[in-house]
Amino acid sequence: LKRAEEELCRTHERLRQLLAHSPAVIYTVRIEGQNLIPVLVSDNIERRLGFNVAETMSFDWWLKSLHPEDRDRILIALAKGMAEDGYSVEYRIRHKNGTYHWIEDSNRVARDESGQATEIVGVWIDISERKRAEQTLRESERRFSDMLRNLELVSMMLDRGARITYCNDFLLRLTGWQREEVMGRDWFELFLPPETVEEL
């Protein structure tokens, strides 16, 4: 029995160390009627959000930490998730230093034999770096698109079938076509004389 207890302690310590270095914060919430009561939050939440476990052990903490622009959307997702099997959503949550981090919150709802929701088990993963990369990419695409729109040269993109997937305003001004008349059309059929296409 003593050896079994020692092995159990070692297993618990290994799990604690694993969670401490994991990018995922694990949590469990008990459902009692309309009340949500946090039961477990892994220790690594302090490394991720600056709050220690004791500070996060209330539903009000989570609610107040949500970004104001995300709160209504997430509460709707929570209600829907409790009625179904859980949810997977992305939202911003406040770090103790006042900044907001993007997290992906994925959970599942456990039910008793009667089908009543009893517990939510989930993980948070910090996706702030990915969100910043996506924002940088969108900004780069916007600048590139603005540049092409204002370029006094014909600019377009074709797919493998030579159908037009993008064209700038200069091409439309030059040809007199409307954008909806051009998009998805075969470039060769639309703009090149038949004899030229035959030579190609």
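Computed from a prediction, not measured in an experiment: that's the story for all the values here.

(A) Layout of the side chain of Asp 105. If you trace the backbone, Asp 105 turns up in strand β4 (residues 100–111). Here Asp 105 occupies a buried position and makes no salt bridge, while the nearest side chain of opposite charge, Arg 108, is found at 8.9 Å. At a separation of 3.0 Å, a polar atom in the side chain of Asp 105 contacts the side chain of Tyr 87. Engagement of the side chain of Asp 105 in a polar contact is seen with the side chain of Trp 124, the distance being 3.3 Å.

(B) The arrangement of the packing of aromatic side chains in detail. The tally for this structure, following the rule as stated, stands at five aromatic pairs. Where Phe 51 meets Trp 61, the ring centres are 5.3 Å apart and the plane angle is 75°; that geometry is what we call edge-to-face. In this pair, Phe 51 is assigned in the loop between α2 (45–49) and α3 (53–56) and Trp 61 in helix α4 (residues 59–65), connecting sequence segments 10 residues apart. The exposure class assigned to Phe 51 is buried, which follows from its relative accessible area of 7%. Here the aromatic cluster, defined as three or more aromatic residues joined through ring pairs, consists of Tyr 27, Phe 51, Trp 61 and Trp 124. Between Lys 131 and the ring centre of Trp 102, over which it is positioned, the NZ or CZ distance is 4.5 Å.

(C) Molecular detail of the sheet that holds strand β5 (residues 117–126). On the basis of which strands lie adjacent, the open sheet formed by five strands has the order β2-β1-β5-β4-β3 and antiparallel pairing. Lying at the two open borders of the sheet, with one neighbouring strand each, are β2 (35–41) and β3 (88–94). If you compare each strand with its neighbour and ignore which way they point, the axes differ by 35° on average. Bridge count for strand β1 (residues 24–32) against β5 is seven bridges, and the pairing is antiparallel. When the bridges of β5 are listed, Ala 24 appears paired with Ile 125. With respect to the sheet, helix α5 (residues 68–83) is in contact with β1, β2, β3, β4 and β5, its orientation differing from that of β3 by roughly 140°.

(D) The arrangement of a nonpolar patch on the surface in detail. A cluster of nonpolar residues, Phe 144, Met 147 and Met 157, forms a patch on the protein surface that exposes about 290 Å² of accessible area. Within the fold, Met 147 resides in helix α6 (residues 128–150). A residue is classified by how much of its surface remains accessible, and Met 147, at 45% relative accessible area, is partly exposed.

(E) Expanded view of the pairing of β1. Alignment of β1 against β2, held across six bridges, turns out to be antiparallel. Among the inter-strand pairings, Ile 31 is bridged to a residue of β2, identified as Leu 36. Connecting the antiparallel pair β1 and β2 is a turn made up of two residues, with Gly 33 showing a positive phi of about 65°.

(F) Molecular detail of the nonpolar core. Counting 24 residues, the largest nonpolar core has Trp 61, Trp 62, Tyr 91, Ile 93, Ile 120 and Trp 124 as the members making the most contacts within it. Breaking this core down by element, the ones donating at least two residues are β1, β2, α2, α4, α5, β3, β4 and β5. No other element matches β1, which puts four residues into this core. Counting seven residues, the second-largest nonpolar core is a separate cluster that includes Ile 164, Cys 167, Leu 171 and Leu 172.

The rules we used
Counting restarts for each chain: residues are numbered from 1 in the order of the written sequence. Restriction of local features to residues with pLDDT of at least 70 applies here, the model being predicted, together with a cutoff of 80 or more for giving and counting side-chain atom pairs; totals for whole chains, interfaces and linings are based on all residues. Values reported for side chains reflect all heavy atoms of the structure, with hydrogen atoms and water molecules removed beforehand. What counts as a helix is a DSSP run of H or I of at least four residues, what counts as a strand is a run of E of at least two, and both are numbered from the N terminus. Residue burial is assigned from relative accessible area. The probe radius is 1.4 Å, only protein chains are included, and a residue is buried under 20% of its type maximum, exposed over 50%, and partly exposed in between. The charge count includes Lys and Arg as positive and Asp and Glu as negative, but it does not include His or the ends of the chains. Think of a salt bridge as a Lys or Arg side-chain nitrogen and an Asp or Glu carboxyl oxygen that are within 4 Å of each other. Here a polar contact is recorded for every N or O atom pair within 3.5 Å, except that within protein the pair must consist of a potential hydrogen donor and a potential acceptor, and residues adjacent in sequence are included only if both atoms are side-chain atoms. Here a Phe, Tyr or Trp ring, Trp counted by its six-membered ring, pairs with any other such ring whose centre lies within 6.5 Å, and the pair is stacked when the planes are under 30 degrees apart, edge-to-face when over 60, and tilted otherwise. Our definition puts a charge over a ring when NZ of Lys or CZ of Arg is within 6 Å of the ring centre and also within 35 degrees of the ring normal. Only strands that DSSP links by at least two bridges are regarded as paired with each other. Fitted lines through C-alpha atoms serve as axes, helices being fitted only where they are in contact, and the angles separating the N-to-C directions of these axes extend from 0 to 180 degrees. By definition in these notes, contact holds between two residues if any of their heavy atoms fall within 4.5 Å. Patches were defined on residues exceeding 30% relative accessible area and lacking a salt bridge, with like-charge contacts within 9 Å and nonpolar side-chain contacts (Val, Leu, Ile, Met, Phe, Trp, Tyr) within 5 Å. Residue burial considers only the protein chains on display, and all accessible areas are found by Shrake-Rupley using a 1.4 Å probe. Nonpolar cores are built from buried Ala, Val, Leu, Ile, Met, Phe, Trp, Tyr and Cys residues. Side-chain atoms within 4.5 Å join them into one set.

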